[in-house]
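# Architecture at a glance
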Amino acid sequence: MLSALLARRSPGSACQAWIGHDPVRALSVDTLDQGDFVRAWAVQPRRFAWLLGAGASASAGLRTANQVRDDLLLRVYAERHGLIRQNLNANDPNVRSVLTAYFDGRNGMVPFGSADDYSCAFKLALPDESARRSYLQGILKGCRPSFGQRVFGALMTAGFIDIVTTTNFDDLIEQAAAESYTAVNDVSDPRRLYVAALNSVDRARRILSAESHPLLVKLHGDFH
């Protein structure tokens, strides 16, 4: 339902987590059995923080970072070779092979899979910042939270989730939390979601010290 790393906030001890993906296990993080995690979270939800990755938004129909990268590069490839972008299907193995052969570490692109291939594709295809913003707004237009994200928003409103960090730049978690808050409309305990980026340290510190509102930290900023 959600692609997430669920980490226990335990001062003075190693981070313990339930992890469903082998690459993360390579980080030598202690793991919890899923049943152990669920029982522990049920009785002390405020001692856990959540990390949401691309899978959480992909379930709502949004493109993944690789899909966005490929779309941008296909636009550049079509322009350079006098082709029509709409005739190039990124899911076609032949097209993908050509795209990789042309751009993987070549012709202005860093190697595919490197830490900055996503941002490099944006700079190559849309060097103007306002154009990048418009492109992202077009992708996000009309997107609604998935079932899993709506459940997540309800858990935030109910007080079972306090801290979330995400690499995603969309606002689907914010939408889900707002919908849940509006449905409950409990003015005696307004658990509105607060959002902070990496440059919003003071805001995050105030929220965490008060322990009165859920906090969403957007590690890569958002599409604005």
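In short, a report on the structure.

The rules behind the values
Residues numbered from 1 in each chain as written. Predicted model: local features only at pLDDT ≥ 70, side-chain atom pairs only at ≥ 80, totals over all residues. Heavy atoms only, no water. Helix = DSSP H or I, 4+ residues; strand = E, 2+ residues; numbered from the N terminus. Buried < 20%, exposed > 50% of the residue type's maximum accessible area, 1.4 Å probe, protein only. Contact = heavy atoms within 4.5 Å. Areas by Shrake-Rupley, 256 points an atom, 1.4 Å probe, with all protein chains shown as cover. Axes fitted to C-alpha atoms, helices over the stretch in contact; angles between N-to-C directions. Parallel < 35°, antiparallel > 145°, perpendicular 65-115°, else oblique. Nonpolar A, V, L, I, M, F, W, Y, C, P; charged D, E, K, R; others polar. Left-handed = near helix turned anticlockwise from the far one by under 90°.

Tallying secondary structure elements over the protein chain gives 10 helices and 7 strands in all. When each of the 224 residues of the protein chain is scored for burial, the buried share is 36%. Contacts in the protein chain between residues at least 24 apart in sequence constitute 59% of all its contacts with a sequence separation of at least 6. Roughly 12600 Å² of accessible area belongs to the protein chain as shown, and the carbon and sulfur atoms make up 53% of that amount.

Quick look at the packing of helix α4 (residues 65-80) against helix α5 (residues 93-103) now. A pair of packed helices is captured by two measures, namely the crossing angle of their axes and the spacing between those axes. The geometry of α4 relative to α5 is characterised by a closest axis approach of 11 Å and an angle of 80 degrees between their N-to-C directions. If you check the angle between α4 and α5, you find them roughly perpendicular. The residues of α5 that touch α4, namely those facing D70, L73, L74, V76, Y77 and R80, are V95, R96, V98, L99, Y102 and F103. Looking at side-chain class alone, the contact of α4 with α5 contains 9 nonpolar, no polar and 3 charged residues.

Attention now moves to the packing of helix α8 (residues 147-157) against helix α9 (residues 172-184). Between α8 and α9, whose axes approach to 8 Å, the crossing angle comes to 55 degrees. One element, α8, and the other, α9, form an angle in the oblique class. In this structure, the crossing between α8 and α9 has a hand that is right-handed. Contacts between α8 and α9 pair Q149, R150, F152, G153, A154, M156 and T157 from the former with L172, I173, A176, A177, E179, S180, Y181 and V184 from the latter. Residues of the contact of α8 with α9, tallied by class, amount to 9 nonpolar, 4 polar and 2 charged.

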